Amino acid sequence: QVQLVESGGGLVQAGGSLRLSCAASGRTFSSYVMGWFRQAPGKEREFVAVISTSGDTTYYSDSVKGRFTISRDNAKNTVYLQMNSLKPEDTAVYYCATYYGYGSSWFRADTYNYWGQGTQVTVSS
C-alpha cells in the first residue's frame, strides 16, 4: 500500500506557471516509475507525463510537450510537475500515480495501481 499526496494546484491566468508536488510514503520511492495524469469535467483521464525510477528518462503527451517538465527527488520521496505557459485547456484535476505495468504501457491509466487524491488546476483566460 502506497500513499500519494498531491499539492500545489490553484488558480492561475493563462500564460502563468504552477509547480505540482506529489509526496509518497509506504515504500521506497526510488523503486517506482511515476506518472502524472489529469481529468477535466466530462472527459476521460488523460496521460500527462511519466518519469523513470532514476529520473533520467521522461515522456510527455503531445499536448504538454515543451511546456511541462516532470522531475523527481528520490531523497525527498517526491515527484514534481512544473507547468509553464498554462492554457485554459490545461484546467483539470491532476493526479500522480505509481506505474504497475509491463513494457511500454506507461501512457495507460489502467497500468498504474496507486493514485493520489488529486489537486485542482484552474487556468483562466
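Figured I'd write up the structure that's included with this text. Quick caveat: nothing in here was measured; it's all calculated off a predicted structure. (Residues numbered from 1 in each chain as written. Predicted model: local features only at pLDDT ≥ 70, side-chain atom pairs only at ≥ 80, totals over all residues. Heavy atoms only, no water.)

Our focus in this paragraph is the overall build of the chain. Per the secondary structure count, the chain includes zero helices and eleven strands. Along the chain, helices (α) and strands (β) appear in the sequence β-β-β-β-β-β-β-β-β-β-β when read from the amino end. Expressed along its principal axes, the backbone C-alpha trace of the chain runs to roughly 40 × 25 × 25 Å. With 125 residues in all, the chain has 42% of them scored as buried. Considering only intrachain contacts with a sequence separation of at least 6, the fraction spanning at least 24 residues in the chain is 55%. For the chain, the computed accessible surface area is about 6,500 Å², with 48% contributed by carbon and sulfur atoms. When the 11 basic and 9 acidic side-chain charges of the chain are each reduced to a single mean position, those positions are 3 Å apart. (Helix = DSSP H or I, 4+ residues; strand = E, 2+ residues; numbered from the N terminus. Buried < 20%, exposed > 50% of the residue type's maximum accessible area, 1.4 Å probe, protein only. Contact = heavy atoms within 4.5 Å. Areas by Shrake-Rupley, 256 points an atom, 1.4 Å probe, with all protein chains shown as cover. Lys, Arg positive; Asp, Glu negative; His and termini not counted. Charge placed at Lys NZ, Arg CZ, Asp CG, Glu CD.)

With that settled, consider the packing of aromatic side chains. One pair of aromatic rings is described through two measures. These are the centre distance and the angle between the planes. Applying the stated criterion to the full structure yields nine aromatic pairs. Put simply, the rings of Phe37, Phe47, Tyr59, Tyr95, Tyr99, Trp106, Phe107, Tyr112 and Trp115 pair up and form one aromatic cluster. The positively charged end of Arg45 is found above the aromatic ring belonging to Tyr95, 4.0 Å away from the centroid. The cationic tip of Arg45 hangs over the ring face of Trp115; the distance from NZ or CZ to the ring centre is 4.7 Å. (Phe/Tyr/Trp six-rings, centres within 6.5 Å; stacked < 30°, edge-to-face > 60°. Lys NZ or Arg CZ within 6 Å of the ring centre and 35° of its normal.)

Across the sheet, four strands lie side by side as S1-S3-S8-S7; this open sheet has antiparallel pairing. The strands lining the two open edges of the sheet, one partner per strand, are strand S1 (3-7) and strand S7 (68-73). Put simply, the sheet's adjacent strands are angled 15 degrees from each other on average, direction ignored. Relative to strand S8 (residues 78-83), S7 runs antiparallel, the two sharing six bridges. Bridged to Arg72 within S8 is Val79. (Pairing = 2+ DSSP bridges. Axes fitted to C-alpha atoms, helices over the stretch in contact; angles between N-to-C directions.)

Attention now goes to unusual backbone geometry. The backbone of Asn77 shows a phi angle near 55 degrees, a positive value even though the residue is not glycine. Structurally, the position occupied by Asn77 is in the loop between S7 and S8. By relative accessible area, which is 26% here, Asn77 ends up partly exposed. Backbone geometry at Ser85 places phi at a positive 50 degrees, although glycine is not the residue there. By the secondary structure assignment, Ser85 is in the loop between S8 and strand S9 (92-99). We classify Ser85 as partly exposed; its relative accessible area is 40%.

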